[in-house]
Amino acid sequence: MSAANVHALVACTSRKRYRPAPGLRLRDLDGQAAQRAAEWTNRLESAECAVAALDLYTGNSWYVARDLRSTLGDDCVLWAVSAGFGLLGSDDDIAPYGATLTGGHADSVVRRADSGQASRIARAWWRALCDWRELSSERNSHRDVASVAAKRSDDLFVVCAGRSYVDAMADDLVLTASRLAEPERLIIFGSGECPDDRLQRSWVRVPARVRLAVGGALNSLFVRVARCTLVDDGPSHADVPTARAVVDRLAASVERPVEVRRDSASDEQIATWITDELHKEEETSKSAALRRFRDSGRACEQNRFGRLFDEVQVSLR
């Protein structure tokens with residue numbers, strides 16, 4: 001790692017090359033969040049770790065991440081932000097697992113019953129994984145992001161992860177920024193509002209339309225923008241202002257989508273319109289009628305329009 005000056009941190013993905021090992025699915029754990037975390041780290045301790053992290057993750061974002069590391073060569077260290085194992089070097093051996101910090105999944109760290117406590121639970125989960133890594137003699141070379149930054153304070157750290165992952169890592173990332181010689185060398189690509197005010201200085205908001213400029217799937221957007229920033233301008237010159245300028249340039253290259261404004265209509269108004277249309281053209285279809293209705297500047301949800309269309313047809317028989 002001595003030659004590196006950029007650390008790319010990419011969130012893990014549910015798309016994995018191998019099925020989870022027995023006992024390593026979060027859906028199988030019961031109890032409160034703290035109990036689940038304790039049981040999970042116990043299971044990690046006895047898991048057979050024989051798969052390199054880089055070989056486990058698949059999908060669009062990790063395809064781009066591999067390409068980024070290949071392009072930058074020794075200048076880049078690739079890390080996985082794992083909901084199952086914490087911070088992983090791309091060559092670290094792990095066991096296939098089922099865990100995510102994204103909500104709404106059977107293997108989510110935060111469950112529906114935890115509503116209102118999502119941020120607290122996710123942050124506690126990340127701390128538990130970091131503590132486990134520190135106590136594990138085979139894995140304590142990098143406890144968390146801040147421990148890496150303490151040794152590499154002149155390097156660049158680029159985070160490409162969804163809001164739920166950044167939120168879970170918030171305390172770790174705040175400490176990371178404080179350990180860098182230049183705090184603006186911590187870049188966090190994200191969408192919408194920053195999940196923690198303490199990270200505003202590092203937050204680089206990426207509008208969804210930038211995907212039209214960089215291509216690929218939406219879930220790989222942050223990694224693709226990071227690649228543009230690092231490859232075009234070089235990692236030695238990259239920082240938050242540079243990254244924001246790259247995003248602005250990409251966003252400006254894409255026309256803003258035209259916002260279509262339509263007026264709402266009552267059921268009676270819609271039914272009257274459908275009746276008139278069927279008198280004009282008896283064989284018209286629902287989809288064709290809905291298109292013409294919307295083209296006339298009015299709004300109606302598809303299922304609602306279909307129900308009214310059927311009712312009018314029955315009344316005209």
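Nothing here was measured: the structure is a model prediction, and the numbers come from that model.

A. A look at the nonpolar core. One finds Trp40, Tyr57, Tyr97 and Phe189 to be the most contacted residues of the largest nonpolar core, which totals 90 residues. Setting aside chain neighbours within four positions, we find phenylalanine 189 in contact with Val158, Val159, Cys160, Ala161, Val204, Val206, Phe222, Val225, Ala226, Thr229, Ala243 and Val247. Counting 13 residues, the second-largest nonpolar core is a separate cluster that includes Ile270, Phe293, Phe305 and Phe309.

B. Representation of the packing of aromatic side chains. By the definition in use, this model includes 8 aromatic pairs. Look at tryptophan 273 and phenylalanine 293: their rings are 5.1 Å apart centre to centre, the planes differ by 75°, and that puts the pair in the edge-to-face class. Separated by 20 residues along the polypeptide, tryptophan 273 in helix 11 (residues 267-280) and phenylalanine 293 in helix 12 (residues 286-295) bring together distant segments of the chain. The residues tryptophan 273 and phenylalanine 293 share a single accessibility class, namely buried. Ring geometry for phenylalanine 293 against phenylalanine 305: centres 5.7 Å apart, planes inclined by 45°, an arrangement best described as tilted. On the criterion of sequence distance, the pair formed by phenylalanine 293 in helix 12 and phenylalanine 305 in helix 13 (residues 302-316) is long-range, its members being 12 residues apart. Per residue, the accessibility class of phenylalanine 293 equals that of phenylalanine 305, and both read buried. By the ring-pair criterion, three or more aromatic residues cluster together here, those being Trp273, Phe293, Phe305 and Phe309.

C. The arrangement of the pattern of salt bridges in detail. Under the criterion given, the structure shown has 20 salt bridges. Across the pair arginine 27 and aspartate 107 runs a salt bridge whose closest N-O atoms are separated by 2.8 Å. One end of the pair, arginine 27, is in the loop between strand 1 (6-11) and helix 1 (33-46); the other, aspartate 107, is in the loop between strand 5 (93-94) and helix 4 (118-135), and 80 residues separate them in sequence. Overall, the relative accessible area of 3% leaves aspartate 107 in the buried class. Across the salt bridge formed by arginine 307 and aspartate 267, the nearest N and O atoms sit 3.5 Å from each other. Residue arginine 307 is found in helix 13, and its partner aspartate 267 is found in helix 11; the two are separated by 40 residues along the sequence. Judged by relative accessible area, arginine 307 falls into the partly exposed class, the value being 38%.

D. Spotlight on the sheet that holds strand 7 (residues 186-190). Pairing within the open sheet is mixed, and its 6 strands lie in the order 4-3-1-6-7-8. Taken across any chain shown, the strands that pair with only one partner, and hence form the sheet edges, are strand 4 (86-89) and strand 8 (203-205). The average undirected angle you get between the axes of adjacent strands in this sheet is 25°. Each of strand 1, strand 6 (156-160) and strand 7 touches helix 9 (residues 221-233); the most contacted strand, strand 6, lies at about 155° to it.

E. Quick peek at helix 9. With 13 residues, helix 9 should reach 18 Å at 1.5 Å per residue; the first-to-last C-alpha distance of 18 Å fits that figure. Taken together, the buried positions of helix 9 are Leu221, Phe222, Val223, Arg224, Val225, Ala226, Cys228, Thr229 and Leu230. The inward-facing, buried residues of helix 9 contact strand 1, helix 3 (60-72), strand 6, strand 7, helix 8 (211-214) and helix 10 (240-252). One or two steps after helix 9, the chain reaches glycine 234, where phi turns positive at roughly 85°.

F. View of the pairing of strand 3 (residues 76-82). Counting buried positions over the 7 residues of strand 3 gives 7, a clear majority of the element. Of the two faces of strand 3, both are covered, the one formed by Cys76, Leu78, Ala80 and Ser82 as well as the one formed by Val77, Trp79 and Val81. As defined by bridge partners, strand 1 adjoins strand 3 across 6 bridges and the pair is classed as parallel. Considered in strand 3, the bridge of alanine 8 is made with leucine 78. Summarising the sheet, strand 3 and strand 4 pair through 4 bridges and their orientation is antiparallel. Within the sheet, the bridge partner assigned to alanine 80 lies in strand 4 and is leucine 88.

Calculation rules
- Residues numbered from 1 in each chain as written.
- Predicted model: local features only at pLDDT ≥ 70, side-chain atom pairs only at ≥ 80, totals over all residues.
- Heavy atoms only, no water.
- Core = buried A, V, L, I, M, F, W, Y, C linked by side-chain atoms within 4.5 Å.
- Buried < 20%, exposed > 50% of the residue type's maximum accessible area, 1.4 Å probe, protein only.
- Contact = heavy atoms within 4.5 Å.
- Phe/Tyr/Trp six-rings, centres within 6.5 Å; stacked < 30°, edge-to-face > 60°.
- Helix = DSSP H or I, 4+ residues; strand = E, 2+ residues; numbered from the N terminus.
- Salt bridge = Lys/Arg side-chain N within 4 Å of Asp/Glu carboxyl O.
- Pairing = 2+ DSSP bridges.
- Axes fitted to C-alpha atoms, helices over the stretch in contact; angles between N-to-C directions.
- Expected span 1.5 Å × (residues − 1).

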